[in-house]
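Take a look at the letters that make up each chain.
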Amino acid sequence: MPPLFRPLTAADLDAMVAVEQAAHASPWSRTLLADSFGERYFTGSFWQGEQLLGYFIADRILDESTLMNICVAPSWQGRGLGRQLLEQYLRLCRERGLARLWLEVRASNAPALALYRACGYVECGRRRDYYQTAGGREDAVLMQK
Ligand SMILES: CC(C)(COP(=O)(O)OP(=O)(O)OC[C@H]1O[C@@H](n2cnc3c(N)ncnc32)[C@H](O)[C@@H]1OP(=O)(O)O)[C@@H](O)C(=O)NCCC(=O)NCCS
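The structure contained in this document is the topic of the report that follows. (Residues numbered from 1 in each chain as written. Predicted model: local features only at pLDDT ≥ 70, side-chain atom pairs only at ≥ 80, totals over all residues. Heavy atoms only, no water.)

What to know about helix H3 (residues 81-95)
Thought 1: Between its first and last C-alpha atoms H3 spans 21 Å; for 15 residues at 1.5 Å apiece the expected length is 21 Å, and the two agree.
Thought 2: Residues of H3 that are buried: Leu81, Gly82, Leu85, Leu86, Gln88, Tyr89, Leu90, Leu92 and Cys93.
Thought 3: Backbone geometry just after H3 places glycine 97 at a positive phi near 70°. (Helix = DSSP H or I, 4+ residues; strand = E, 2+ residues; numbered from the N terminus. Expected span 1.5 Å × (residues − 1). Buried < 20%, exposed > 50% of the residue type's maximum accessible area, 1.4 Å probe, protein only.)

Section: the nonpolar core
Thought 1: Core analysis: the largest hydrophobic core is formed by 40 residues, its most contacted members being Tyr55, Phe56, Leu86, Tyr89, Tyr116 and Tyr121.
Thought 2: Mapped onto this core, the elements with two or more residues apiece are helix H1 (13-23), strand S2 (41-48), strand S3 (51-61), strand S4 (64-72), H3, strand S5 (100-106), helix H4 (110-118) and strand S7 (137-144).
Thought 3: Among the elements that make up this core, the one with the highest residue count is H3 (seven residues).
Thought 4: Those residues in contact with tyrosine 55 that sit more than four places away from it in its chain are Leu8, Met16, Val19, Glu20, Leu33, Gly44, Ser45, Asn69, Ile70, Cys71 and Leu85. (Core = buried A, V, L, I, M, F, W, Y, C linked by side-chain atoms within 4.5 Å. Contact = heavy atoms within 4.5 Å.)

Here's the deal with the pairing of strand S6 (residues 122-132)
Thought 1: Two strands pair when backbone bridges link them, and S6 and S7 are joined in this way by seven bridges, in the antiparallel orientation. Each bridged residue has a counterpart across the sheet, and for arginine 126 the counterpart in S7 is valine 141.
Thought 2: Taking the residues between adjacent antiparallel strands as the criterion, S6 and S7 are bridged by four residues. (Pairing = 2+ DSSP bridges.)

A closer look at the pattern of salt bridges
Thought 1: Evaluated as defined, the whole model comprises nine salt bridges.
Thought 2: With a closest N to O distance of 2.7 Å, aspartate 14 and arginine 30 form a salt bridge. Taken as a pair, aspartate 14 in helix H1 and arginine 30 in helix H2 (residues 30-34) lie far apart in primary sequence, 16 residues in all.
Thought 3: You can call aspartate 14 exposed: its relative accessible area is 54%.
Thought 4: For arginine 30, a relative accessible area of 41% puts it in the partly exposed group.
Thought 5: Between arginine 126 and aspartate 139 there is a salt bridge, with its nearest N and O atoms 3.4 Å apart. Of this pair, arginine 126 sits in strand S6 while aspartate 139 sits in strand S7, and the two are 13 residues apart along the sequence.
Thought 6: A relative accessible area of 38% places arginine 126 in the partly exposed class.
Thought 7: One network of salt bridges, with partners in common, ties together Glu123, Arg126, Arg128 and Asp139. (Salt bridge = Lys/Arg side-chain N within 4 Å of Asp/Glu carboxyl O.)

What to know about the site of the ligand
Thought 1: Neighbouring the ligand are 18 residues, the closest being Ile70, Val72, Gly80, Gly82 and Asn109.
Thought 2: Here an oxygen atom of the ligand and a backbone polar atom of valine 72 are 2.8 Å apart.
Thought 3: Glycine 80 has a polar backbone atom sitting 2.8 Å from an oxygen atom of the ligand.
Thought 4: A total of 920 Å² of accessible area belongs to the ligand in isolation, and the protein chains cover 69% of it.
Thought 5: At the level of elements, S4, H3 and H4 are the ones that each hand at least two residues to the shell around the ligand. (Near = heavy atom within 4 Å. Polar contact = N/O pair within 3.5 Å; in protein donor to acceptor, adjacent residues only side chain to side chain. Areas by Shrake-Rupley, 256 points an atom, 1.4 Å probe, with all protein chains shown as cover.)

Structural notes on the side chain of serine 65
Thought 1: By secondary structure assignment, the location of serine 65 is in strand S4.
Thought 2: What makes serine 65 buried here is its relative accessible area of 0%.
Thought 3: At 2.8 Å, the side chain of serine 65 and the side chain of tyrosine 89 are in polar contact.
Thought 4: Residues in contact with serine 65, not counting those within four places in the same chain, are Phe42, Ala58, Asp59, Arg60, Tyr89, Cys93, Leu98, Arg100, Leu101 and Trp102.

Considerations on the environment of isoleucine 70
Thought 1: When you line up the elements, isoleucine 70 lands in strand S4.
Thought 2: For the pair isoleucine 70 and phenylalanine 56, spaced 14 residues apart in the sequence, the C-alpha separation amounts to 4.2 Å.
Thought 3: The contact partners of isoleucine 70, leaving out residues within four places of it in the chain, are His24, Tyr55, Phe56, Gly82, Leu85, Leu86 and Tyr116.

This is the structure:
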């Protein structure tokens, strides 16, 4: 069966924490993830049965949206799900009239940068030394679509 797409709910928090911690080198905290269900945010996720495969979290303000988090469980990466998640996000933005789209990504995150470029995002700036790394700091790449 193909994975099922649906919005996240607060009942999904345990599954989100597990995927978040497995997928990201610097995962969001449980508290930060729990704050993603406010009025200002919208989400999407893929499931196979009870298993959460990946999700995104975005905000919206007027006609703008920022993609704040997108991740796929490591065992599901490289199989097209990240692209499908991003395409679902872009579809929801179109349906909601969100015309200016933003995101930030670590300069070293080659898979994410390639995905965003492939879906039409372009680099529009950098925050120098914005993120902490194991060995020091790295830039945030600001992207716009
Ligand atoms: C970024 C991420 C969401 C991509 O999800 P995914 O399911 O692995 O990606 P897909 O299989 O859909 O691949 C889509 C595109 O991403 C890029 N990509 C994916 N893996 C890549 C890799 N290892 N190296 C380079 N590019 C890669 C390619 O452009 C690919 O398109 P292609 O298959 O036509 O070449 C996933 O790697 C992830 O969860 N990473 C950890 C969390 C993270 O860094 N999130 C983004 C910052 S918040």
